[in-house]
Amino acid sequence: MSNFHLAKTILTDDVAHEPTRAGFGRGLKRAGESDKNVVALCADLTESVQMHLFREAFPKRFIEVGVAEQNLVTVASGLARAGKIPFTASYAAFSPGRNWEQIKTTVALNDQPVKIIGGHAGLYTGPDGATHQMLEDIALMRTMPNMIVIVPGDSIEAEKATLAIAKNGRPSYLRLARDKTAVFSTEKSPFEIGKAYVLKSGKDITLFGTGTMTYELLVAAELLLSDGIDAEVVHVPTIKPLDNATVLKSVEKTGRAVTCEEAQINGGLGSAITECVSEFLPIPVKRLGVEDRYGESGDPRAVVEHFGLDGKNLAKKIKAFVRTVPQYKKGY
Amino acid sequence: MVLRRDIIRMLEEAGSGHSAGPLGLADLVATLYFGVMNYKPKKPEWADRDYFFLSNGHCVPVQYAAMAEAGFFDKKELMTLRKLGSRLQGHPERTRLPGLENTSGPLGSGLSQAAGVAYSLQYLDNQTHRFVYCVTGDGELDEGNIWEAAMFAGKYKLSQLIVFVDRNNIQIDGNTEDVMPLEDLAGKWRSFGWHVQEIDGHNVESILDAVGMAKAITNRPSVIITHTIPGKGIDFMEYDYHWHGVPPNHEQAKQALAELRTLRGKITHEGQKHE
């Protein structure tokens with residue numbers, strides 16, 4: 001049904017949990033080992049964004065810029081001009097939240113291979129509250145020409161994505177979560193920039209997930225089976241460029257779709273999928289995520305549940321959608 | 001004089017753009033391109049070159065004029081400034097024109113980029129013989145990004161970074177000290193850990209001396225506060241902030257070129273020299 005090599009423990013109590021940022025930290029160190037041009041810059045959050053592994057291994061290639069996110073990315077742009085592959089990291093609320101224009105002008109328009117690592121993105125930032133729960137970053141970054149946008153689903157994929165952007169020669173954005181989330185992929189699972197992956201095939205509806213929400217959709221799909229709904233789950237780690245072929249192939253088969261992201265539904269994955277689908281097929285797409293409001297403080301998992309983005313709540317919403325919206329059939 | 005002539009012609013032809021800044025910077029940029037920097041116009045990515053970062057991208061006509069004069073491209077191309085399909089964009093874009101080191105226009109970011117290169121040369125590449133020159137506006141110093149970069153360069157003692165602040169005292173809304181006072185400007189830079197000089201930006205000898213001094217300072221970044229006259233060389237533009245963001249029309253361009261050609265009336269016809 002899928003050659004994604006899902007972890008055997010998924011949907012059990014034994015499923016491993018680890019923050020995606022941990023995978024980034026390991027990946028950055030490995031990228032540094034294989035290419036001496038990889039340098040890392042941080043804005044006073046080195047351990048938070050897990051850059052300390054790189055700093056300890058390559059102290060001379062680690063640059064502390066202080067709490068100055070505009071300078072973080074513009075100095076990186078200069079380093080790229082000098083032939084380096086700079087990874088810049090902060091919380092997504094500050095980078096790209098605060099320095100969007102600098103990223104646009106000096107990285108994206110200037111077409112320099114600077115990597116923007118947005119840590120602590122999404123609702124899993126929990127207790128810090130709305131100011132720190134960055135929900136607009138996917139929308140901000142995917143409107144930027146030249147920019148690659150990746151939201152890894154778990155820590156293993158985050159490590160692979162980090163190695164991939166170290167080699168892609170392009171301006172790239174990598175979105176990371178703070179809290180521990182389920183690890184559903186394995187070392188054998190494929191990761192390629194620009195590819196979406198069918199994790200579970202189904203015939204009644206396609207569930208598109210990105211980042212931490214993909215696992216919640218796997219949980220929801222399992223629950224939906226008992227309601228007689230056979231959902232296909234597609235993981236979309238690269239939001240830009242979107243894997244149009246995989247998206248269209250799936251919805252053409254299932255005739256209905258739901259998107260889910262731990263971000264604003266306006267401009268994020270939901271927008272990307274609906275833009276793609278509506279240009280080719282008259283297929284209804286329901287967008288789930290944060291619906292035009294800000295987050296709030298709380299235990300990370302409690303916040304996610306409060307916003308109805310855990311597997312159980314998602315299953316309810318998806319079931320209601322399936323019950324009320326008919327499937328598109330070929331020749332409609 | 002040649003750069004100023006080309007700037008007037010380009011801006012008249014373009015029908016939009018900034019006049020005062022580029023004219024004021026002509027002596028500095030000419031001195032850098034023809035008396036200071038190492039580069040190869042036919043090999044813009046030459047690995048041993050010095051870097052030039054224009055942080056106040058709106059002044060790029062003066063850089064284009066210097067690059068054409070230096071042989072990066074044919075001077076005829078100057079007349080395409082700001083036109084559709086031109087490599088000479090209204091604000092500089094690195095990916096369009098070989099020889100540009102950065103893309104700039106939104107103010108405050110060029111200094112950081114220059115600092116990034118200077119960091120690389122000093123700490124990662126062990127190339128102590130190359131220098132990074134950066135020109136910023138003075139109004140541009142209102143930007144917070146500038147002072148983030150100033151702190152960064154001060155912390156890392158980026159001694160191969162040499163910055164010129166174009167101190168022409170004007171910005172779009174008026175005089176800098178009315179819009180947002182910058183003084184004590186030298187004191188500000190000094191307190192950020194920089195070596196500070198102040199010079200007459202229209203005196204080539206002063207510029208060369210200051211660069212020599214900046215190169216000799218090996219434990220700090222250098223800033224050279226370069227006092228210039230906005231619109232320098234054209235009587236009706238000098239000192240007037242209204243000329244910050246507008247080009248001359250045909251009549252004004254004709255008058256400006258006549259002033260340049262005659263050294264303000266001191267030469268009455270071609271071939272006669274001022275005594």
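A. Molecular detail of the overall build of chain A. The helix and strand tally for chain A stands at eleven helices and 14 strands. Over its C-alpha trace chain A gives a radius of gyration of 19 Å, about what one expects of a compact globule, namely 20 Å for 332 residues. Across its three principal axes, chain A shows a C-alpha extent of roughly 60 × 40 × 40 Å. The buried share among the 332 residues of chain A stands at 60%. For chain A, long-range pairs separated by at least 24 residues make up 80% of all intrachain contacts whose partners lie at least 6 apart in sequence.

B. Up close: the overall build of chain B. Counting secondary structure elements, chain B contains nine helices and seven strands. Radius of gyration (C-alpha) of chain B: 18 Å, near the 19 Å computed for a compact globule of 275 residues. Expressed as lengths along the three principal axes of its C-alpha atoms, the size of chain B is roughly 55 × 45 × 40 Å. With 275 residues in all, chain B has 49% of them scored as buried. Once local pairs closer than 6 in sequence are excluded, the contacts in chain B between residues at least 24 apart make up 75%.

C. Seen up close, helix α4 (residues 110–124) of chain B. Residue and element names in this part refer to chain B. With 15 residues, α4 should cover 21 Å at 1.5 Å per step; its first-to-last C-alpha distance of 20 Å lies within 8% of that length. Most of α4 is tucked away: twelve of the 15 residues are buried. Every buried residue of α4 is accounted for by Gly110, Leu111, Ser112, Gln113, Ala114, Ala115, Gly116, Val117, Ala118, Tyr119, Ser120 and Leu121. Just downstream of α4 lies Asn126, where phi reads positive at about 50 degrees.

D. Region of interest: the packing of helix α1 (residues 20–34) of chain A against helix α6 (residues 155–167) of chain A. All names here are of chain A. Relative to each other, α1 and α6 sit at 35 degrees, their axes nearing to 7 Å. In this structure, α1 meets α6 at a crossing whose hand is right-handed. Contacts between α1 and α6 involve Thr20, Ala22, Gly23, Phe24, Arg26, Gly27, Leu28, Arg30 and Ala31 from the first element and Ser155, Ile156, Glu157, Ala158, Glu159, Thr162, Leu163 and Ala166 from the second. For the contact of α1 with α6, a count of residues per class yields eight nonpolar, five polar and four charged.

E. Fine view of the domain arrangement of chain A. Residue and element names in this part refer to chain A. Taken domain by domain, chain A consists of domain 1 (17–182) and domain 2 (197–324). Put simply, the middle of domain 1 and the middle of domain 2, counted by C-alpha atoms, are 25 Å apart. Each partner contributes residues to the interface: domain 1 has 27 residues there, and domain 2 has 30 residues. Contributions of two or more residues to the side of domain 1 that touches domain 2 are made by α5 (137–142), β6 (148–150), α6 and β8 (181–182). Class assignment of the residues belonging to the side of domain 1 that touches domain 2 gives a composition of 16 nonpolar, six polar and five charged.

F. Molecular detail of the interface of chain B and chain A. At the junction of the two partners, chain B supplies 27 residues and chain A supplies 23 residues. Elements with a minimum of two residues in the side of chain B that touches chain A: α4 and α5 (144–155) of chain B. By residue class, the composition of the side of chain B that touches chain A is eleven nonpolar, eleven polar and five charged.

G. View of helix α9 (residues 250–261) of chain B. For α9(B), built from twelve residues, the straight-helix expectation of 16 Å at 1.5 Å per residue is met to within 8% by its first-to-last C-alpha distance of 16 Å. The first or second residue beyond α9(B) is B:Leu263, which carries a positive phi of 50 degrees.

H. Region of the structure containing the sheet that holds strand β10 (residues 205–209) of chain A. Residues and elements named next belong to chain A. Read across the open sheet, the five strands follow the order β9-β11-β10-β13-β14; overall the sheet is mixed. If you trace the sheet from one side to the other, it starts and ends with β9 (197–200) and β14 (285–290), each paired once. Strand-to-strand twist across the sheet, computed as the mean angle between neighbouring axes with direction ignored, equals 25 degrees. Direction of pairing for strand β13 (residues 257–264) relative to β14: parallel, over a ladder of five bridges. Residue pairing across strands places Val258 opposite Lys286, the latter belonging to β14. Each of β10, β13 and β14 touches helix α9 (residues 269–278); the most contacted strand, β13, lies at about 145 degrees to it.

I. Representation of the confidence of the model for chain B. Here chain B shows a mean pLDDT of 94. Residues at 70 or above account for 97%. Predicted complex, confidence summary: ipTM 0.93, pTM 0.95.

J. Structural context of the packing of helix α1 (residues 2–14) of chain B against helix α2 (residues 20–36) of chain B. Residue and element names in this part refer to chain B. Remark: α1 packs on α2, axes separated minimally by 9 Å, with the N-to-C direction vectors making an angle of 145 degrees. In the packing of α1 onto α2, the handedness of the crossing is right-handed. Contacts from Leu3, Arg4 and Ile7 of α1 reach α2 at Pro22, Leu23, Ala26, Val29 and Ala30. For the contact of α1 with α2, the per-class residue count stands at seven nonpolar, no polar and one charged.

K. Expanded view of the environment of A:Glu261. Inspection of the secondary structure assignment puts A:Glu261 in strand β13. In this structure, the C-alpha to C-alpha distance between A:Glu261 and A:Ser48, residues 213 residues apart in sequence, is 23 Å.

L. Local environment of the nonpolar core. If you look at the biggest cluster of nonpolar residues, it comprises 184 residues, and the most contacted ones within it are A:Leu207, A:Ile318, B:Val29, B:Ala114, B:Ala115, B:Val132 and B:Leu161. For this core, the element with the most residues is α2(B), which contributes nine residues. Taken together, domain 1 (17–182) and domain 2 (197–324) of chain A each give at least three residues to this core, which thus spans both. Apart from residues no more than four positions distant in its own chain, B:Ala115 is found in contact with A:Val75, A:Gly78, B:Ala149, B:Phe152, B:Ala153, B:Leu158 and B:Leu161.

M. Molecular detail of unusual backbone geometry. Omega for the peptide link from A:Lys240 to A:Pro241 comes to 0 degrees, which places this bond in the cis form. A cis amide bond links B:Glu183 with the next residue in sequence, B:Asp184, at an omega value of 5 degrees. Relative to the helices and strands, B:Asp184 resides in the loop between α6 (176–179) and α7 (185–191). Here A:Asp44, not a glycine, exhibits a phi torsion of approximately 65 degrees, which is positive. Within the secondary structure layout, A:Asp44 lies in the loop between β2 (38–42) and α2 (52–57). Here A:Asp44 falls in the partly exposed class, since 14 other C-beta atoms lie within 10 Å of it. Notably, B:Arg82 is not glycine yet its phi reads approximately 70 degrees, a positive angle. Structurally, B:Arg82 is set in the loop between α3 (60–70) and α4.

N. Spotlight on the sheet that holds strand β12 (residues 238–240) of chain A. All names here are of chain A. Strands sit in the order β3-β2-β4-β5-β7-β6-β12 across an open sheet of seven strands; the sheet is mixed. Taken across any chain shown, the strands that pair with only one partner, and hence form the sheet edges, are β3 (62–64) and β12. Each neighbouring strand pair of the sheet contributes to a mean axis angle of 20 degrees, computed without reference to strand direction. Running at roughly 140 degrees to β2, α1 makes contact with β2, β4 (85–91), β5 (115–119) and β7 (172–175) of the sheet. Strand contacts of α6: β2, β4, β5, β6 and β7, with the helix running at about 170 degrees to β7, the strand carrying the most contacts.

Conventions and cut-offs
Residues numbered from 1 in each chain as written. Chains lettered and ligands numbered in written order. Predicted model: local features only at pLDDT ≥ 70, side-chain atom pairs only at ≥ 80, totals over all residues. Helix = DSSP H or I, 4+ residues; strand = E, 2+ residues; numbered from the N terminus. Rg over C-alpha atoms; globule rule 2.2 N^0.38 Å. Buried ≥ 20, exposed ≤ 12 C-beta atoms within 10 Å, placed from the backbone. Contact = placed C-beta atoms within 7 Å. Expected span 1.5 Å × (residues − 1). Axes fitted to C-alpha atoms, helices over the stretch in contact; angles between N-to-C directions. Left-handed = near helix turned anticlockwise from the far one by under 90°. Nonpolar A, V, L, I, M, F, W, Y, C, P; charged D, E, K, R; others polar. Domains from an automatic or database assignment. Pairing = 2+ DSSP bridges. pLDDT = per-residue confidence, 0-100. Core = buried A, V, L, I, M, F, W, Y, C linked by C-beta atoms within 7 Å.

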